[in-house]
Amino acid sequence: MTVAIARVSPAAPGGEVEGLVERAVAGDQLAFAAIYRLHADAVHRLLTRLVGPRPEREDLMQEVFVRLHRALPRYRGDAALATFLHQIAVRVAIDHLRARRRRPEPTAVLDEDLADVAASPAQRFAQRAEIERAMALLDGLGAKQRIAFILREVLELSYPEIARLMGTFTTTARMRVAAATRALARIDTTGRVR
Amino acid sequence: MNVPELRQAVEATVSPLSDIARASVWQRVERAIDTPPPPRMRPLRVRLALVSSAAVAALAVTAWVSLRAGAPAGAAPAAAHVVVVAAGAHVTQRWEDVRVDVVGPAELRFERRLGLGVLEVGEGTVHVRHAGAPLVVSTPTSTAWVVGPVFALRVHAQGTELASGEEAAAALVERTTFTLAPPPAPSVPSPAPAPPAQLEEPRPRVRAATRPLEPAPAPDDAPAPDDVPAPEEAPGPDEPPGPDPETVAAAAYVRAEAAMRAGEHARAERLLREVIVTVPTARVAAAARYDLARLAFTRGDHALARRLVDDLLRANVDPNLQAPARRLRCRIQRAAGEACAAD
C-alpha cells in the first residue's frame, strides 16, 4: 500500500516521520512544520488531480493540514503517514466536489496551471482548451465516482488502494470506477447527460 | 474524449507548488491550528434526534413530577373519583377497565393523568383488577408502578402491604377482613397477663356461620369435625365483636372469583355458598347466586341452577343481573327441552 502512495508523494524515511509525528502530537510546532514541508507538494498534486486546477486548491490544502493536525493523536502508525494524509485529502476533495456540484462553475485554466512550461502559446491554448473540456466532463460525475475514476485511471492505483484511500470496500471502488466510465461515455463536454 | 485523453488532460494540469503558495498556506495552517476549533456542528438528523430525545425526557420528568405532586401537567385535568368507605363496609367500583373492591374503613382516589391510571389510597384495603396499562399506586408512604392485572393493597398506620397475583391478593384481603376487628377498649390493667391475640380466632366463627345451601344429611353418628365448633359457641359478651358479615362475604366473593378464574369450581361453589348464607340480601349475594347458578348449570345440576336463578329474578336485588339471569334461565329451559319466553 505504501509503495503505491509513494508514486504520488515522495516518501520521507519512515523513522524520521514517526519521530516527527510523536513530536507534533506532543505539541512541537516545528515538527508539524517539517511534516508540512515533506508532504505539501504531494498533497497539492493530489488535490489538483482530484478537483482540477481550481484557485481554491490552497484552501483545500489548508483544510487537509488542519485536519491532519487534529487527527494526529489518532494516528496509530499502522499505515504510512503519507497514506493517512492522502485519505484526509481524498475526504476533503469529496466534500469540496459535493459543495461545488451545488454551485456549478466552469474551470478556467491559466497558463501557470500547465505542467508543460516549454510549450508555445498555440500549444498552451490548445492544452487549456483540452483541460477545460476534460474538467467539464469530470464535473458531470458524482464526487465519489470522479475521485475513484481519477485514482484508477490517472494515478493508476489498484482497487484495494482506492478502497483504502476512500474508506470503502474494494467492490465498491470497482463499481464506482465502472459507473464513472459508463457515465463519461454519456456526458457531453457541457456536462449534460446525452 | 476517451479515457487516455482525459488522463493526459488531467496530468497536464499538475504545476509545481510555488514557494510563495507553500509559505502562504503554512501561515494559514499555523493560524488555524493555533485557534481552538469551532464547536462541531452535528448533522441535522442528529440534532433533530437529540432535540426530540430531550423533549421526551423533559415530558417524562414533567409527568413524573406532576404525578408526585398530584397536579396534572399540560392537559386538562381528568375527573377524579373519590371513594370513602365506612368501617366494615364493602364497596365495588368500576372505572373504565379498572375494578376495585374496597373494604372499609378506606379512603381512595382514582384518576387519569396523562393517560395513566393513578390510584391514591389513604387507608384501607383495596382489591384491584385492571386490564390496561400499569397503574401508579400512591400511598402516604410510597409510590409504585403495579404491572400485574390483579393486586391488593392494604394501607394502615404501620405502612403499606401490597400483594400481586390472584392468590396473594385474595389472601391479603382475607387476612384483612379477619384483623379488622376494632381494637378492644382500654381496660384496667389486670395482674394476670392477657392472652395473646389470636388472629386465627375469628375464622372458626365464620366457618360456623357457613353452611351448605343444600345441607347434606350428615349421619348422626358422625363425629363433628374439630375445626367446626357447634353453632351455640357464640362469642361471649366480653369477646371483641367479630368482623362485619358483609365484609366477610365480600372477601369470600373475591376469593370465589379467584377460584373461578383458576378453574377450582368446587372451591368457588363453597365460597359462593358462604357469601349467600352470610349476607343473603346483599348485592354481593345476588352476584354469588348468579355465579353459583352458572356453575351448577355447567356441572349439570339444572334443578339447583333453575332454583337459584328463580330466586335471583324474584328478589331483583341487583337490576344489572336481571338480563344475564334471564338468559341463563333460557339456557336452562332449552337444556330441559322447554320453550323459553325469549324464543
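This structure is a prediction, so every number in the text was calculated from the model and none was measured. (Residues numbered from 1 in each chain as written. Chains lettered and ligands numbered in written order. Predicted model: local features only at pLDDT ≥ 70, side-chain atom pairs only at ≥ 80, totals over all residues. Heavy atoms only, no water.)

Peer 1: Please explain the overall build of chain A as it appears in this structure.
Peer 2: Scanning chain A from N- to C-terminus turns up nine helices and zero strands. Split into buried and exposed, the 194 residues of chain A put 49% on the buried side. Accessible surface for chain A amounts to roughly 9300 Å². Of this, 53% is attributable to carbon and sulfur atoms. (Helix = DSSP H or I, 4+ residues; strand = E, 2+ residues; numbered from the N terminus. Buried < 20%, exposed > 50% of the residue type's maximum accessible area, 1.4 Å probe, protein only. Areas by Shrake-Rupley, 256 points an atom, 1.4 Å probe, with all protein chains shown as cover.)

Peer 1: Sorry if this is basic, but what is going on with the overall build of chain B here?
Peer 2: Summing up its helical and strand segments, chain B has ten helices and eight strands in all. The buried share among the 343 residues of chain B stands at 37%. Of the contacts made within chain B by residues no fewer than 6 positions apart, 44% connect residues no fewer than 24 positions apart. When the accessible surface of chain B is totalled, it reaches about 19700 Å², and 59% of it is carbon and sulfur. (Contact = heavy atoms within 4.5 Å.)

Peer 1: Hey, could you run me through the interface of chain A and chain B in this one?
Peer 2: A common measure of how large an interface is: the accessible area buried when the components associate. With 35 residues of chain A at the interface, the matching set in chain B holds 26 residues. Here chain A and chain B share four salt bridges between them. The salt bridge involving R28 of chain B is made with D59 of chain A; its shortest N-O contact spans 2.1 Å. At the junction of chain A and chain B, the tally comes to six residue pairs in polar contact (both at pLDDT 80 or more). Where the side of chain A that touches chain B is concerned, the elements lending two or more residues are α3 (29-51), α4 (57-71), α6 (121-139) and α7 (143-154) of chain A. For the side of chain A that touches chain B, the element with the highest residue contribution is α3 of chain A, accounting for ten residues. Partitioning the side of chain A that touches chain B into residue classes produces 18 nonpolar, five polar and twelve charged. (Salt bridge = Lys/Arg side-chain N within 4 Å of Asp/Glu carboxyl O. Polar contact = N/O pair within 3.5 Å; in protein donor to acceptor, adjacent residues only side chain to side chain. Nonpolar A, V, L, I, M, F, W, Y, C, P; charged D, E, K, R; others polar.)

Peer 1: Whenever I open this one, the side chain of E257 of chain B confuses me. Can you help?
Peer 2: All names here are of chain B. Mapped onto the elements of the fold, E257 is located in helix α6 (residues 245-261). In this structure the side chain of E257 is engaged in a polar contact, spanning 3.3 Å, whose partner is the side chain of R99. Contact partners of E257, with chain neighbours within four places excluded, come to R99 and R129.

Peer 1: Please explain the pairing of strand β8 (residues 159-164) of chain B as it appears in this structure.
Peer 2: It is a general feature of regular strands that their side chains alternate between the two faces of the sheet. All names here are of chain B. What you see with β8 is a clean split: G159, E161 and A163 sit on the buried side and T160, L162 and S164 on the side with no burial. One ladder, built from six bridges, connects strand β7 (residues 150-156) with β8; its direction is antiparallel. Bridge pairing in β8 places H156 opposite G159. The loop that links β7 with its antiparallel partner β8 comprises two residues. (Pairing = 2+ DSSP bridges.)

Peer 1: Is there a simple way to think about the pairing of strand β6 (residues 143-146) of chain B in this case?
Peer 2: Residues and elements named next belong to chain B. Note that strand β5 (residues 135-138) and β6 share four bridges and pair antiparallel. For V137, the partnering residue across the bridge sits in β6 and is A144. In sequence, β5 turns back onto β6 through a hairpin of four residues.

Peer 1: What am I meant to see in a nonpolar patch on the surface here?
Peer 2: All names here are of chain B. Judged by side-chain polarity, V61, W64, V65 and W145 come together as a nonpolar surface patch covering roughly 400 Å² of accessible area. Broken down by element, the nonpolar patch gets its largest block of residues, three residues, from helix α3 (residues 44-69). For V65, the position within the fold is in helix α3. (Patch = residues over 30% accessible without salt bridge, like charges linked within 9 Å, V, L, I, M, F, W, Y side chains within 5 Å.)

Peer 1: Looking at this structure, I do not really get the packing of α6 of chain B against helix α7 (residues 265-278) of chain B. What am I missing?
Peer 2: Each pair of packed helices can be described by the angle between their axes along with the distance between the axes. Residues and elements named next belong to chain B. Closest axis-to-axis distance for the α6/α7 pair is 8 Å, and the angle between their directions is 160°. Taken together, the axes of α6 and α7 lie roughly antiparallel to each other. Regarding α6 and α7, the two cross each other, and that crossing is left-handed. Counted together, P245, V248, A249, A252, Y253, R255, A256, A259 and M260 of α6 and H265, R267, A268, L271, L272, E274, V275 and T278 of α7 form the full contact between these two elements. A class-by-class count of the residues in the contact of α6 with α7 yields twelve nonpolar, two polar and three charged. (Axes fitted to C-alpha atoms, helices over the stretch in contact; angles between N-to-C directions. Parallel < 35°, antiparallel > 145°, perpendicular 65-115°, else oblique. Left-handed = near helix turned anticlockwise from the far one by under 90°.)

Peer 1: What is the right way to look at the nonpolar core in this model?
Peer 2: Residues F32, L50, M61, F65, L68, I147 and L151 of chain A are the most contacted members of the largest nonpolar core, which totals 71 residues. When residues in this core are grouped by element, the largest group, twelve residues, is from α3 of chain A. Ignoring any residue separated from it by four or fewer positions in sequence, one finds L151 of chain A in contact with L46, L50, E156, L157, I162, L165 and M166 of chain A. Core analysis: the next-biggest nonpolar cluster, separate from the first, contains 32 residues, A259, M260, L271 and L312 of chain B among them. (Core = buried A, V, L, I, M, F, W, Y, C linked by side-chain atoms within 4.5 Å.)

Peer 1: Hey, could you run me through the confidence of the model for chain A in this one?
Peer 2: Segments scoring low in pLDDT should not have their predicted coordinates read at a detailed level. Residues and elements named next belong to chain A. On average, residues of chain A score 81 in pLDDT, and 78% of them are at 70 or above. Looking over chain A, one finds the lowest element-wise mean pLDDT in helix α1 (residues 2-6), namely 38, and the highest in helix α8 (residues 159-166), namely 93. Here residues 1-15 is a poorly scored stretch, pLDDT under 50, and it has 30 contacts once near neighbours within four places are set aside; other chains count. (pLDDT = per-residue confidence, 0-100.)

Peer 1: Looking at this model, I keep getting lost on the environment of A256 of chain B. Mind explaining?
Peer 2: Residues and elements named next belong to chain B. Of note, A256 is situated in helix α6. It is 4.5 Å that separates the C-alpha atoms of A256 and A268, two residues lying twelve residues apart in sequence. What A256 contacts, discounting residues up to four positions off in sequence, is A268, L271 and L272.

Peer 1: Would you mind going over the packing of α8 of chain A against helix α9 (residues 170-186) of chain A with me for this structure?
Peer 2: Residue and element names in this part refer to chain A. Viewed as axis vectors pointing N to C, α8 and α9 meet at an angle of 100°, and their least axial separation amounts to 8 Å. By the angle between their axes, α8 is roughly perpendicular relative to α9. Between α8 and α9, the residues in contact are Y159, P160, I162, A163 and M166 and T170, A173, R174, R176 and V177, respectively. Looking at the contact of α8 with α9 residue by residue, the class counts come to seven nonpolar, one polar and two charged.

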